[in-house]
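Topology and contacts: notes
Now for the letters of each chain:
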Amino acid sequence: MSANEVLPFINPATGEQFGQVAMATAGEVAQAQRELRQAFEIWRRKPVKERVRILRKLQAFVIDSVDLITETINQDTGKSRQDALLEVMMTVDRLHQYYRQAPRWLARQRVPPGLYVFRRFYTEPHPYGVVAVIGPWNLPFDLAVPPLCTALLAGNTVLLKPSEVAPATGVLIEKLIQSVPELSPFVRVLHGDGRVGEQIVRSRPDLIFFTGSTNTGRKIARVAAETMTPFLCELGGKDPMIVLEDADLAAAARWGVWGAFYHGGQTCMAVERTYVVESVYDDFLHLVLEETQQLKMGYSPDLDNPNDLGPLTFQRQKQIVEDHLQDALARGARILHGGRSQGLFVEPTIVVDVDHSMKLMRDETFGPVLPVMKVKDEAEAIRLANDSYYGLSACVWSQNLERAQRVAGQLEVGSVNINDAISHYPVSLLPFGGIKDSGTARTHGQPEVLQFTQYRSYAVGQPPLAFDLATHMRRPGNYRLGATIMHLAFGVTPQQRVRPVVQGLNELKEKSKAPAPVTVAAAGALMALAAVLFGLWRHADKRK
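Notes on the structure follow.

What counts and what doesn't
In this convention, every chain numbers its residues from 1, walking through the sequence in written order. Two thresholds apply to this predicted model, a pLDDT of at least 70 for residue-level local features and 80 or more for giving and counting side-chain atom pairs, whereas whole-chain, interface and lining totals are computed over all residues. Values reported for side chains reflect all heavy atoms of the structure, with hydrogen atoms and water molecules removed beforehand. In this description, strands pair whenever DSSP reports at least two bridges between them. Only DSSP runs of H or I covering at least 4 residues are called helices, and only runs of E covering at least 2 are called strands; the numbering of each starts at the N terminus. An axis is simply a line fitted to the C-alpha atoms; with a helix, the fit covers only the stretch in contact. Between two such axes, the angle follows the N-to-C directions and lies from 0 to 180 degrees. Whenever a nitrogen or oxygen atom comes within 3.5 Å of another N or O atom, the pair is scored as a polar contact, on the condition that within protein one atom can donate a hydrogen and the other can accept it, and that pairs from neighbouring residues in sequence are kept only if both atoms are in side chains. We call two residues in contact when some of their heavy atoms are within 4.5 Å. In this scheme, roughly parallel covers angles under 35 degrees and roughly antiparallel covers those over 145, while 65 to 115 is roughly perpendicular and the rest are oblique. Left-handed describes a crossing in which the near helix is turned anticlockwise from the far one by less than a right angle; the clockwise case is right-handed. Nonpolar residues are Ala, Val, Leu, Ile, Met, Phe, Trp, Tyr, Cys and Pro. Charged residues are Asp, Glu, Lys and Arg, and all others, Gly as well, are polar. Remark: nonpolar core denotes a set of buried residues (Ala, Val, Leu, Ile, Met, Phe, Trp, Tyr, Cys) joined through side-chain atoms within 4.5 Å. Exposed residues in this analysis have more than 50% of their type's maximum accessible area, buried residues have under 20%, and partly exposed residues fall in between, with area computed by a 1.4 Å probe over protein chains only. For this count, His and the chain ends are skipped, Lys and Arg are scored as positive, and Asp and Glu as negative. Between Lys or Arg on one side and Asp or Glu on the other, a salt bridge is scored when a side-chain nitrogen of the former is within 4 Å of a carboxyl oxygen of the latter. Patch rule: a residue counts if its relative accessible area is over 30% and it has no salt bridge; like charges are joined within 9 Å, and nonpolar side chains (Val, Leu, Ile, Met, Phe, Trp, Tyr) within 5 Å. Accessible areas in this description were obtained via Shrake-Rupley with a 1.4 Å probe; residue shielding takes into account the shown protein chains only. Cysteine sulfur atoms are paired as a disulfide whenever they fall within 2.5 Å. Think of the arc as the fan of directions from the helix axis to the C-beta atoms.

**Some remarks on the sheet that holds strand S4 (residues 120-127)**
- The sheet built from 3 strands is open, its strands ordered S3-S4-S21 with antiparallel pairing. The open sheet has two edge strands with one neighbour each: strand S3 (109-111) and strand S21 (453-460). Along the sheet, successive strands turn relative to each other by an average axial angle of 30°, direction set aside.
- Inspection of the sheet shows S4 paired to S21 by 8 bridges, in the antiparallel sense.

**Focus on the side chain of arginine 403**
- With respect to the helices and strands, arginine 403 occurs in helix H14 (residues 401-408).
- Side chain to side chain, arginine 403 and aspartate 246 meet in a polar contact 3.3 Å long.
- With residues up to four places along the chain from it excluded, the contact list for arginine 403 reads Leu244, Glu245, Asp246, Glu378 and Ser398.

**Some points on the packing of helix H9 (residues 249-261) against helix H10 (residues 278-293)**
- At a closest axis distance of 9 Å, the pairing of H9 and H10 adopts a crossing angle of 50°. For the element pair H9 / H10, the angle class is oblique. Between H9 and H10 lies a crossing of right-handed hand. Counting all contacts with H9, which are made through Leu249, Ala250, Ala252, Ala253, Arg254, Val257 and Phe261, the residues of H10 involved are Val280, Asp283, Phe284, Leu287, Val288, Glu291 and Thr292.
- Of the residues that constitute the contact of H9 with H10, the class distribution is 10 nonpolar, 1 polar and 3 charged.

**Considerations on the nonpolar core**
- In this structure, Phe141, Leu152 and Leu153 are the most contacted members of the largest nonpolar core, which totals 49 residues.
- Looking at this core element by element, the count peaks at 8 residues for helix H4 (residues 81-105).
- Residues within four places of leucine 153 in sequence aside, it is in contact with Arg51, Val52, Leu55, Tyr98, Tyr99, Ala102, Leu106 and Val449.
- Membership of the second largest hydrophobic core comes to 35 residues, among which are Cys268, Val280, Leu309 and Cys395.

**Regarding the side chain of aspartate 239**
- Counting through the fold element by element, aspartate 239 comes out in strand S10 (residues 239-243).
- Arginine 273 provides the closest opposite charge to the buried, salt-bridge-free aspartate 239, at an N-O distance of 6.8 Å.
- Residue contacts for aspartate 239: discarding those within four places in its chain leaves Cys268, Met269, Ala270, Val271, Glu272, Arg273, Leu392 and Ser393.

**Quick look at the environment of valine 111**
- Along the polypeptide, valine 111 turns up in strand S3.
- Between the C-alpha atoms of valine 111 and tyrosine 122, which are 11 residues apart in sequence, the distance is 5.0 Å.

**A closer look at the sheet that holds strand S6 (residues 157-161)**
- Across the sheet, 5 strands lie side by side as S7-S6-S5-S8-S9; this open sheet has parallel pairing. What marks the edges here is a single partner per strand, and that holds for strand S7 (187-189) and strand S9 (231-234). Averaged over all neighbouring strand pairs, the angle between strand axes comes to 15°, with direction disregarded.
- The pairing of S6 with S7 spans 3 bridges and is parallel. Note on S7: the bridge partner recorded for leucine 160 is valine 189.
- Across the sheet, helix H8 (residues 214-227) lies against strand S5 (130-134), strand S8 (207-211) and S9, angled at about 170° from S8, the strand it touches most.

**So, a nonpolar patch on the surface**
- Nonpolar side chains collect at one region of the surface, where Leu85, Leu86 and Met89 lie side by side and expose about 240 Å² of accessible area between them.
- The topology assignment puts leucine 85 in helix H4.
- Judged by its relative accessible area of 33%, leucine 85 is partly exposed.

**Topic: the pattern of salt bridges**
- The final tally for this structure, using the stated rule, is 29 salt bridges.
- Salt-bridge contacts for arginine 45 lead to glutamate 41; the nearest nitrogen and oxygen are separated by 3.1 Å.
- In this structure arginine 45 comes out as exposed when scored by relative accessible area, which is 62%.
- You can call glutamate 41 partly exposed: its relative accessible area is 35%.
- A salt bridge links aspartate 142 to arginine 94; the nearest nitrogen and oxygen atoms lie 3.6 Å apart. Taken as a pair, aspartate 142 in the loop between S5 and helix H5 (145-153) and arginine 94 in helix H4 lie far apart in primary sequence, 48 residues in all.
- Using a relative accessible area of 0% as the deciding quantity, one classes aspartate 142 as buried.

**Brief notes about the state of the cysteines**
- All chains considered together, the criterion is met by 0 disulfides.
- Summary of cysteine pairing: cysteine 149 is not part of a disulfide, and the nearest cysteine sulfur, belonging to cysteine 268, is at 19 Å.
- Of all cysteine sulfurs, the one in cysteine 268 lies closest to cysteine 395, which takes part in no disulfide; the gap is 14 Å.
- A residue is classified by how much of its surface remains accessible, and cysteine 395, at 4% relative accessible area, is buried.

**Observations concerning the packing of helix H3 (residues 66-77) against H4**
- Relative orientation of the contacting elements H3 and H4 amounts to 120°, with a least axis distance of 8 Å. Judged by the inter-axis angle, H3 sits oblique to H4. The two elements H3 and H4 cross, and the hand of that crossing is right-handed. The segment H3 lies against H4, with Val66, Asp67, Ile69, Thr70, Glu71, Ile73 and Asn74 engaging Arg81, Ala84, Leu85, Glu87 and Val88.
- Taken together, the residues that form the contact of H3 with H4 break down as 6 nonpolar, 2 polar and 4 charged.

**Side note on unusual backbone geometry**
- Backbone geometry at asparagine 419 places phi at a positive 65°, although glycine is not the residue there.
- Along the chain, asparagine 419 falls in the loop between strand S19 (415-418) and strand S20 (435-436).
- A relative accessible area of 29% places asparagine 419 in the partly exposed class.
- Located in the positive-phi region is isoleucine 422, a residue other than glycine, with phi close to 55°.

**Focus on helix H7 (residues 194-202)**
- By the burial criterion, the buried members of H7 are Val196, Gly197, Ile200 and Val201. When H7 is viewed along its axis, its buried side chains cluster within an angular range of 140° and face the same direction.
- Directly after H7, the chain includes arginine 204, whose backbone phi takes a positive value near 60°.

Structure follows, in structure tokens:
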């Protein structure tokens, strides 16, 4: 990376350049890492409520700058101003909820002491240090600002690399951060392409958080593994939609089409494959075609935009869409609607006669294509939905909610939406993330905040007391006492709980040479000691 390399700002709808930004050099990456590691020692010591106070200033600037933000996203990605507004709304909603909950989420938690009744135990989350956040291009604001602010909320400093495909949005995010002088020393925004991203990953941050494609995630994982750097990733999806015979077909068609074609299909939770039970397949397909034919495609910079779809964001994504369509057609699929393109505008496309030999049903398309497959029954729909190395989201359509939830419970995904599509994502406190090759991260809710921390545990108390059970068990000769306590404390049945006491009495009667009264007294003393220690343990456990 030379000092004079730049990223141009290109409007994908018009092809016009409307600005540029200098790419970060390797030296700037290293310098940012050093400065943020020093700044971390200051930021981590700020109380959570103080971090919230500072971060709320950024939230206020975001809200005041909403028109500028949506204008920039509109130019950067081609999406409508309204869709850009949804990005901003989801961002501030999520962060607003986090700032309210953070003092409780990030507080020290007491832990029951077990058998150590005279000591206190607790755990508390600690920040990692310098967190590298690498953002994507499809939701360049919503998928960059929340992880940035959440990592800061947890006490980390942040290196942010926005996507090179939406660089103008990245520059705007940087300006918003610089508008809060109390915050800006703890964030560095580094602009650039994949080479800058690789430099950041190799600079050994304390944690990497990446949102993007599974292929890029694998590359980052390999580099991170070399230095044992913790790596969180929210990757791609191939989200299935299941339409059962008792579904509301009109609603399934309407919102399934919306879930497939919203933002040109360029969302990780888009409907990318549909399985329809054969008894309603023809009716459903007819309704899907009706809905799709009503969609309008185009671009407008105005606040009021009549179009449903804009362009794809960059040429490489168009090539993937075309490759998937050509592969499907070569294997016997048919296009019932759409399939044509002009520039980066690709018509919303309905494809039938598909099967799992096709890329269109296996790999993430990330474009305005909806393949519809006929299945015999519910069981086949579930089997095919799970026949994927992705596992992000799914949706199930049935008017029988009990049945729909039963089907949902059998799907191998991170989240399931019943009788709607993709609308689960904006729910701020509902954890979102995938399994399988869809990644390891969780966004939204308490898990998002806590994943930017690492738990540390503490045991606190005076030196061991002579009468503490734990002290007794450190000395030889207390096997029977320990066994008695274990049975009393953890026995599953009443008989199991009293068994060692009965055994102890019998052994004392058989082996002791002492007179019977002494034997009984010794057994009684053992039982009394066990009972006292057990009682102390139960009392302490309840208090904790």
